[in-house]
Amino acid sequence: ARRATEQNKYSWSGGARINYNINHEFSVRAGLMYEQLGDLFDYIDTLATKRTTRIDSFFSSDGTFLYTETKTELILGTQIKKIHNRYHHLDIPLLVSYELPMGRATLMANAGPVLNLTTSYRGQILDEGLIPQHITPGEPDQLQAYKTNIGLSIYLGAGALFPLTDHIAALIE
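What counts, and where the lines are drawn
Residues numbered from 1 in each chain as written. Predicted model: local features only at pLDDT ≥ 70, side-chain atom pairs only at ≥ 80, totals over all residues. Heavy atoms only, no water. Phe/Tyr/Trp six-rings, centres within 6.5 Å; stacked < 30°, edge-to-face > 60°. Buried < 20%, exposed > 50% of the residue type's maximum accessible area, 1.4 Å probe, protein only. Helix = DSSP H or I, 4+ residues; strand = E, 2+ residues; numbered from the N terminus. Polar contact = N/O pair within 3.5 Å; in protein donor to acceptor, adjacent residues only side chain to side chain. Core = buried A, V, L, I, M, F, W, Y, C linked by side-chain atoms within 4.5 Å. Contact = heavy atoms within 4.5 Å. Salt bridge = Lys/Arg side-chain N within 4 Å of Asp/Glu carboxyl O. Pairing = 2+ DSSP bridges. Axes fitted to C-alpha atoms, helices over the stretch in contact; angles between N-to-C directions.

**Topic: the packing of aromatic side chains**
Step number 1: Taken as a whole and assessed by the stated rule, the structure comprises 5 aromatic pairs.
Step number 2: Judged by centre distance (6.0 Å) and plane angle (5°), the rings of Phe-41 and Tyr-43 are stacked.
Step number 3: When its relative accessible area of 11% is taken as the criterion, Tyr-43 is described as buried.

Below, the structure written as structure tokens:
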């Protein structure tokens, strides 16, 4: 049911890193990377109901209170929710790189740990009862679906560096 309500829409990341060349073949790299992922929570409940209670008070012509009447109505309808969920990550990559010169270009292989400093999220998802719940911290009906702790992942990558001028190069990684 969650797969049916969540549609991936986009993701992007950006960052910066500092390189230190140990020798002609090996380098170490450290940086800061920000990533944002977004999806669309698209939920339709054709059996949705809304309960309303109406209290009517009755008075006589001289203003004296007579009685109250309480009516509860059940309104049938369709509930539609389209919410953009967002997930944010802030990471520090600590990489070792092996570089192989190929003419003017340089081929490289990078590997190392990536420390996740923080993760945040906002939006809605279905809970185990298939009811939409907020994942945004601070919402009154927040679903505790994600843990907030420091994470660690392993980075493996390959790339090529192509000089454009004496001081500017293009990097494909």
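Having seen the model, we can carry on.
**Points about unusual backbone geometry**
Step number 1: With a phi angle near 65°, Leu-130 is a residue other than glycine that sits in the positive phi range.
Step number 2: Turning to its location among the elements, Leu-130 is positioned in the loop between strand 5 (124-126) and strand 6 (132-134).
Step number 3: Judged by its relative accessible area of 45%, Leu-130 falls in the partly exposed class.

**As for the side chain of Thr-136**
Step number 1: Relative to the helices and strands, Thr-136 is located in the loop between strand 6 and strand 7 (151-163).
Step number 2: Within polar-contact distance, the side chain of Thr-136 engages the backbone nitrogen of Gly-123 at 2.9 Å.

**Comments concerning the nonpolar core**
Step number 1: Grouped together as the largest cluster of nonpolar side chains are 5 residues: Tyr-87, Tyr-121, Ile-125, Ile-135 and Leu-143.
Step number 2: What Ile-125 contacts, discounting residues up to four positions off in sequence, is Arg-2, Glu-6, Phe-41, Asn-85, Tyr-87, Ile-131, Pro-132, Gln-133, Ile-135, Leu-143, Ala-145 and Tyr-146.

**A closer look at the pattern of salt bridges**
Step number 1: Under the defined criterion, the tally for this structure stands at 6 salt bridges.
Step number 2: Where Glu-173 meets Arg-17, a salt bridge forms, and the shortest distance between an N and an O atom there is 2.9 Å. Linking Glu-173 in the segment after strand 8 (169-172) with Arg-17 in strand 1 (residues 6-21), this pair joins segments that are 156 residues apart in sequence.
Step number 3: In this structure Arg-17 comes out as partly exposed when scored by relative accessible area, which is 30%.
Step number 4: Note that Glu-69 is salt-bridged to Lys-71, the shortest N-O span being 3.8 Å.
Step number 5: The partly exposed category is assigned to Glu-69, whose relative accessible area is 30%.
Step number 6: Overall, the relative accessible area of 38% leaves Lys-71 in the partly exposed class.
Step number 7: Among the charged side chains, a network of salt bridges with common partners joins Arg-54, Asp-56 and Glu-73.

**Examining the sheet that holds strand 8**
Step number 1: Here we have 6 strands laid out as an open sheet, ordered 1-2-3-4-7-8, and antiparallel in their pairing. Strand pairing shows two members of the sheet lacking a second neighbour, strand 1 and strand 8, which therefore form its edges. Taken pair by pair, the neighbouring strands of this sheet meet at an average axis angle of 30°, ignoring direction.
Step number 2: Bridge count for strand 1 against strand 2 (residues 26-59) is 15 bridges, and the pairing is antiparallel. Counted as the bridge partner of Glu-6 is Phe-41 from strand 2.

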